[in-house]
Amino acid sequence: IDMPVPYVQPHKRISRSVIEEDFERVIRDAKIMSELCSKPHGVHPAALAIAHPQINDTDPLRFFATDSEIFVNPMIVQHSNYTIIKKEGCMSFPDKYTTTVQRWHKIEVEYYLLSVEDEKMHLSHVTRCKFSGLQAEVFQHEIDHFDGKYIFDI
């Protein structure tokens, strides 16, 4: 039976940027992470995204996966001057429901998308997008994981 890698305990290790030599590992781990997004974990029925540090505490990489995309080396390049209070949960804490978190209302991010087509890996050109609402929350939440931060710490 092929079992997904379990979540690791929350840790403070800072993620390193993904480089080309990591792409095969990213694709392999992203498949596991995408599968985890759709599975219940503790009190959480599913996840919107999973950051690599949530499954790897020895060499965490700076990428996160949703059920359909792999965001590589995302970073916030600009944000609004004001924040909003949001309720969030986290799969790293399977027995805790939600807590209130302060988030930037709007963010602008840069990232790459990694995909596999015809058994070949493809990295997009740098993508720059402006987000608000749920998309902004997801990016901020996952980027916090890269920096060793968790919603129950902030």
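Located above this text is the structure these notes cover.
About the thresholds
- Residues numbered from 1 in each chain as written.
- Predicted model: local features only at pLDDT ≥ 70, side-chain atom pairs only at ≥ 80, totals over all residues.
- Heavy atoms only, no water.
- Helix = DSSP H or I, 4+ residues; strand = E, 2+ residues; numbered from the N terminus.
- Rg over C-alpha atoms; globule rule 2.2 N^0.38 Å.
- Buried < 20%, exposed > 50% of the residue type's maximum accessible area, 1.4 Å probe, protein only.
- Pairing = 2+ DSSP bridges.
- Core = buried A, V, L, I, M, F, W, Y, C linked by side-chain atoms within 4.5 Å.

Draft legend 1. Quick look at the overall build of the chain. When helices and strands are tallied, the chain shows two helices and eight strands. For the chain, the sequential pattern of α-helices and β-strands runs α-β-β-β-β-β-β-β-β-α. Taken against the 2.2 N^0.38 rule, which gives 15 Å for 154 residues, the C-alpha radius of gyration of the chain at 15 Å falls within 12% of a compact globule. Expressed as lengths along the three principal axes of its C-alpha atoms, the size of the chain is roughly 45 × 35 × 25 Å. The 154 residues of the chain split such that 45% are buried.

Draft legend 2. Inspection of the pairing of strand E3 (residues 70–79) at higher detail. As defined by bridge partners, strand E2 (residues 63–65) adjoins E3 across three bridges and the pair is classed as antiparallel. Bridge pairing in E3 links Phe64 to Phe71. Between the end of E2 and the start of E3, which pair antiparallel, lie four residues. Here E3 pairs with strand E6 (residues 106–117) via six bridges, running antiparallel. Note on E6: the bridge partner recorded for Met75 is Glu110.

Draft legend 3. Up close: the nonpolar core. In terms of nonpolar packing, the biggest core is built from 20 residues, with Val18, Val26, Ile50, Phe63, Ile70 and Leu114 touching the most fellow members. Ranked by the residues each element gives to this core, the list is headed by helix H1 (residues 23–37), at eight residues. By size, the runner-up hydrophobic cluster in this structure holds 13 residues, among which are Ala51, Phe64, Ile107 and Ile143.

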